[in-house]
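Letter by letter, the chains look like this.
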Amino acid sequence: MTVVDLDDRDAQDTVVGRPRYVLDQHIEGELHAKIVRSPHPHARLDGVDPTRALATPGVVAVLTGADVSGDASINATFGRQRSDQPILAVGTLRYAGEPVALVVAESIEAAEAGREGVGIECRALPHVVDAEAAGAPDAPQLHAAWAGNGCGEWKLRYGDPEQGWREADRVFEGTYWSPPASHVPMEPHVCLAAWEDGRLSVWTSTQAPHRVRDDLAAVFRLAPEAVRVQTRDLGGAFGAKGQTTIEPMAAVAARRLGRPIRLELDRDEVFLTIGKHAASVRLATGVATDGRLLVRRVQVVYNAGAYALTSPLAAGQGLLRAPGPYRIPHVEAHVLARYTNTVPSGPFRGAMTSQLAFAYESQMDEIASSLGIDPVALRRRNLLKDGDQYATGEHLHQLHFGELLEDAARAVEWGTPCAPAPPGRVRGKGVAVMIKTTLTPSRSVARVELAADGSITVRSSSVEMGQGSRAALTRIVAQALGVQEARVSVPHPDTDRTPFDSSTSSSRTTSSMGTACVRAVDDLRCQLTERAAAELGVPAESLAHRDGAIGPQGGGARITYEHLLALGDPPLVGEGLFESHGGLPAMDPLDVRGFSTVHWHQGAAAAEVEVDCETGRVTVLRCHGSAYAGRVVNAHRVRQQNQGSVVFALGQTLMEELVYDEGRVVNANLAEYMIPSIQDVPELTSTAIESSDLEAEPHGVGEMALPAVAPAVANAVFHASGARIRCLPLTPERVLRCLRENARADGGSGG
Amino acid sequence: MLGPTVVAVAEMAPAPPGLDWQQTQLQLNHRRLTVTAPVTETLSRTLRCRVGLTSVRETCGVGVCGTCTVLLDGSAASSCLALTAQLAGVAVTTAEGLLGPDGEPGPVQRAFIRRGAYQCGFCIPAMTLAVHAALYVRRHRDREAVVDELSGNLCRCGSYPQIREVLMELLADRGGEAADGATTGGR
Amino acid sequence: MLETCALLRSNRDARLIAGGTAVVLMLRQRLIDPSLLIGLRRVPGLDSITAASQWLSIGAAVTLQQVADSDRVRALAPSLAAACQEVGNVRVRNRATLGGNLAEADYASDPPAVLASLGAVVCTAAPEGGGRRIPVSDLITDYYTTQLTSDEVVLRVEVPLIDGRRSAYVKYRSRSSEDRPCVGVAASLVPDPQGWVASLEVVVGAVTSTPQRMTTATEGVVGARHDEARAGAVAAAVAAAIHPIADGRGSAWYRTQVIEVMVRRALAMVVA
């Protein structure tokens, strides 16, 4: 079976390892930079002593926060929602690992040696690691401007919750915990920065070139056009590269030293740059005895880490997703994000949603178990259906939750008992369903150029990071134009050459940028029609497009597109825009209601597990991801994304946790922060449900099944062993402790 | 305005000061190559920064992730934990070394391409070397034995299902006819 | 070898390097800063596996994968082959040597516990004929610390061969398939002519700074039938006697639970 042609140049280059990533790039005359980081989670920074570093052979300079804040032409902090993140620390160190100084040298080895020689003078302050504790009145305050370490607060109220609590026959409550975690992209953050004639050029491994451009322009108080940001394919991102991180310090150093700077993070530094929000979710659900959900209260505290990044708004995204994919007449939700002295949190695949789905889907099974209702049946009774009203007051359409649930259940043969487990082990099955919004508002612009030689170039700032966006856009444009894919090329994003895109994230590219591309093709076709009409001397309305050519509708001689351009003519350019408005920024944060997302992401997962009752170890025997994909552009890529997201989620489910001791990360390496190997992952299956409507929009699938995986596995563990674990990851120790507790509670008769 | 020139890697590794240097003659992908590097330089840094082989990556630096995999005399090894200075006369194979004589992809590479067994691609050249070593050097016949030997090559994008399909295909081919894995430098 | 020892003696901060997987890691992490690295891969006589009637001899420079693949080792000391196959990943096994593994004294490593359970002995060379025979069970004294002096070099490991011995190694990982062991248990049982227990060794690794050789817990089984009840008693005694560490792989409490389970499982393997 051949999915990709052997002659596919891009595929060959990928498999052989030819230059592809910003990591592979160098600039003539570059200097190498290495970051010196804070040893304390919270401290007063009294000074930085670069003497020994400067005496190291090969070291050219040491840049500190004092240098940056002493330069009146630079804004010393950056951050889109809150400009609270210093380019290099000044005055206060807010997390262990925060960048304090930048050592610049002629070689990487000299920079590494120099890094060892920088002294940091500071006085330790009390620190806080836990987001709940950060809200206590006597908690250490990270930012003077933000009392109570507040980093975003959102509330939603739907229906009449008091009435709901009165009406409920039973009330279920629980607190569900998701730990801090890390994206672990294989390619680290890396950037190159150079100035020429007052203009800044940056190459960086980023999901959002325009965002980086605008942030850098703000830092240097330049017009955006004075900054150029380019990227290549990313060696993985998963949300870790959606924000500006190391680019400002590299750019500052490049300008001061008048030479290009190359900054590449070591692996431990990637862990210390950005991470996933830890969260505690307090969930209470009131139900009728027949299993109908009547009322829900959700209280979430997200851990934003030391700097805001996207947390204030992202907490609101969490609020929108918190009720779950269910028809619930009364909902009250309160979501907070708080600063703590930990690695800053940022978007993470399945952003803000995995933590919520773990809570509400675990609780669904607790409800089912207590009421004696089958977990799938309970969900069927309550899942949102087309036209239902959601807790934001919106009526939702194009819903497929029912199909996703049935598909997931079928995949693990729900209703059929598990095959018998070996002695000392037990088996069980679990399902889960999830709902998510997508980035709204957003904007994607695409240009499609037709050259005289017939080649077609798509100018798009969507970033290829393994999700197949280049292949998808190639196919979308080729199909829309009726030409062979081989004629279409999609160069890398370059803010000088490719138009605006909000970012490659939130599973939005195939949909948003795909739509922009289709509109660009429409625009191009209009121009082609006009040319053909002029050339043929016929009215434009009488012409039709087919297979890369245009001719009279009834038949007759057609002209191919390239022949509408004379050799030497500039390319014809069609432009298309996708734009969505509204969403969270248009809402009152303490009374959220109204249009929240341009479409709803829907996914489900099912798992069958085996639990070793003597050790608590969980083995996932099979796992299935179901996603609603709208229109599938590339079946192979969709399957890869779907299954890949399940593999990713299994990591957070079973083994991933960023561990802090005394406010410092202790496992910032791949030997101690474990991600799944091929042996950890069972045979996977997946389904991408497509709309029957051929004109339907494609939906991204990169994050759909993902949030449902952890609760599906947790539910399977419960079904197998009776152990209900409300903390991730589902470590053997947690399971064993729970089994022992249960046995004790049963008077020693069980377990 | 084009901006600063972006150049290929091999030109760009200046001499780190203050370290003992050693000249080592490597046998790299069938070519003899003399490299001069500090005694404590890892093979991964030499290959990537001095020789310019972008197929050799380094993700973890502790021998766990596998993206730095090379073959040393046919055996899979972590180049991030090997000192170049110790490898005189050792046959070093990177993904470039799995190509055929005319630069066409070798059998393992073809299987990965046909199956589209890659997403971001960062771990894949190393993965092909690991598969090659398991199938054609250690000559495993059993898929689970091969999977066991791939467990040290991590893929964060989660392409494991497609990689399993590649193994099935290659094992089936090998059952049918003799593999031409001999195009490589592995032994 | 003489030259190697002489170099070690005259360069106090020299380091031996064989496979390099441990030394290079320490170099990269700036834990060591030797003035001289002495490569052992070309020193003759360190890389063979031989067997005489009473001993299996494995050269210090034999790689862990070679030990795991060796027909001789699989036949004569199968638990050692199995343990070496479990170490790390294939790349580590291809380079790391048995001698290096012992000298590194990593508490979370598999071979030392197994070798101790088999009564293995380390043979060393030192300047002026000062080489010794050190039982593996005495070799490791603390985290990453052995009895070896700074100018002493491991030459080979000798494993006594005992007719009828049954041995097993169980490695329990609490996180990914690539994790180091949370608990490792090596068991070695020699039956007497009636089929009862002539001697039983249980060594637990990865739970404390050094492999724990449980002589007291196994005493009561000698001369008796080896059955499930006795195995359970031994397992409970072993678990009670160890104060395990706590780390990312498990708390002390958890390790204690798992030690008992793994000892029972290892004993079941040496009986069957």
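Residues numbered from 1 in each chain as written. Chains lettered and ligands numbered in written order. Predicted model: local features only at pLDDT ≥ 70, side-chain atom pairs only at ≥ 80, totals over all residues.

Participant: Looking at this structure, how should I read the sheet that holds strand S11 (residues 170-178) of chain A?
Facilitator: In a beta sheet, neighbouring strands are held together by backbone hydrogen bonds and run either parallel or antiparallel to one another. Residues and elements named next belong to chain A. Reading across the sheet, the five strands line up as S10-S18-S17-S16-S11 and stay open at both edges, with mixed pairing between neighbours. A strand with exactly one partner marks an edge of an open sheet, and here the two such strands are strand S10 (150-158) and S11. Across the sheet, the mean angle from the axis of one strand to that of its neighbour is 5°, orientation sign disregarded. Judged from the 10 bridges that link them, strand S17 (residues 293-305) and strand S18 (residues 330-339) form a sheet pairing that is parallel. Looking across to S18, one finds that Arg297 is bridged to Glu332. Across the face of the sheet, helix H9 (residues 311-321) comes into contact with S10, S17 and S18 while running at roughly 25° to S10. Helix-sheet contacts for helix H10 (residues 354-371) involve S11 and strand S16 (279-287), and the interaxial angle to S11 is about 145°. (Pairing = 2+ DSSP bridges. Helix = DSSP H or I, 4+ residues; strand = E, 2+ residues; numbered from the N terminus. Axes fitted to C-alpha atoms, helices over the stretch in contact; angles between N-to-C directions. Contact = placed C-beta atoms within 7 Å.)

Participant: Could you clarify how one ought to interpret the nonpolar core in this entry?
Facilitator: Burial of nonpolar side chains together is a common tendency in soluble globular proteins. Membership of the largest hydrophobic core comes to 361 residues, with the highest contact counts inside it found for Val103(A), Ala605(A), Val709(A), Val717(A) and Val238(C). If sequence neighbours within four positions are ignored, Val238(C) has contacts with Val202(C), Val204(C), Met214(C), Ala217(C), Ile259(C) and Val263(C). Judged by nonpolar contacts, the second largest core, of 28 residues, contains Ala446(A), Ala520(A), Leu528(A) and Ile550(A). (Core = buried A, V, L, I, M, F, W, Y, C linked by C-beta atoms within 7 Å. Buried ≥ 20, exposed ≤ 12 C-beta atoms within 10 Å, placed from the backbone.)

Participant: Just checking my understanding: could you explain the domain arrangement of chain B for this structure?
Facilitator: It is common to give the size of an interface as the accessible area lost on bringing the parts into contact. Residues and elements named next belong to chain B. By the assigned domains, chain B splits into domain 1 (22-97) and domain 2 (98-177). Contributing elements (two or more residues each) for the side of domain 1 that touches domain 2: strand S4 (69-72) and strand S5 (75-78). Ranked by residues supplied to the side of domain 1 that touches domain 2, first place goes to S4 with three residues. When the residues that make up the side of domain 1 that touches domain 2 are grouped by side-chain class, the tally is six nonpolar, eight polar and two charged. (Domains from an automatic or database assignment. Nonpolar A, V, L, I, M, F, W, Y, C, P; charged D, E, K, R; others polar.)

Participant: It is not clear to me how the environment of Glu41(B) should be interpreted in this structure. Could you clarify?
Facilitator: In this fold, Glu41(B) is placed in the loop between strand S3 (31-38) and helix H1 (43-50). Sequence-wise, Glu41(B) and His132(B) are 91 residues apart; in three dimensions their C-alpha atoms are separated by 26 Å.

Participant: Can you walk me through the interface of chain B and chain C in this structure?
Facilitator: If you look at the interface, chain B gives 20 residues, while chain C gives 17 residues. For the side of chain B that touches chain C, the element with the highest residue contribution is S5(B), accounting for four residues. Residue composition of the side of chain B that touches chain C, grouped by class: eight nonpolar, 11 polar and one charged.

Participant: Help me understand the sheet that holds strand S23 (residues 543-546) of chain A, please; the structure alone is not making it clear to me.
Facilitator: Residues and elements named next belong to chain A. Spatial strand order, S23-S24-S25: three strands in an open sheet with antiparallel pairing. Either end of the sheet is taken by a strand with one partner, and the two such strands are S23 and strand S25 (559-560). Note: strand S24 (residues 549-552) against S25, two bridges, orientation antiparallel. Along S25, the bridge assignment pairs Ala549 with Thr560. Running at roughly 125° to S23, helix H14 (residues 509-536) makes contact with S23, S24 and S25 of the sheet.

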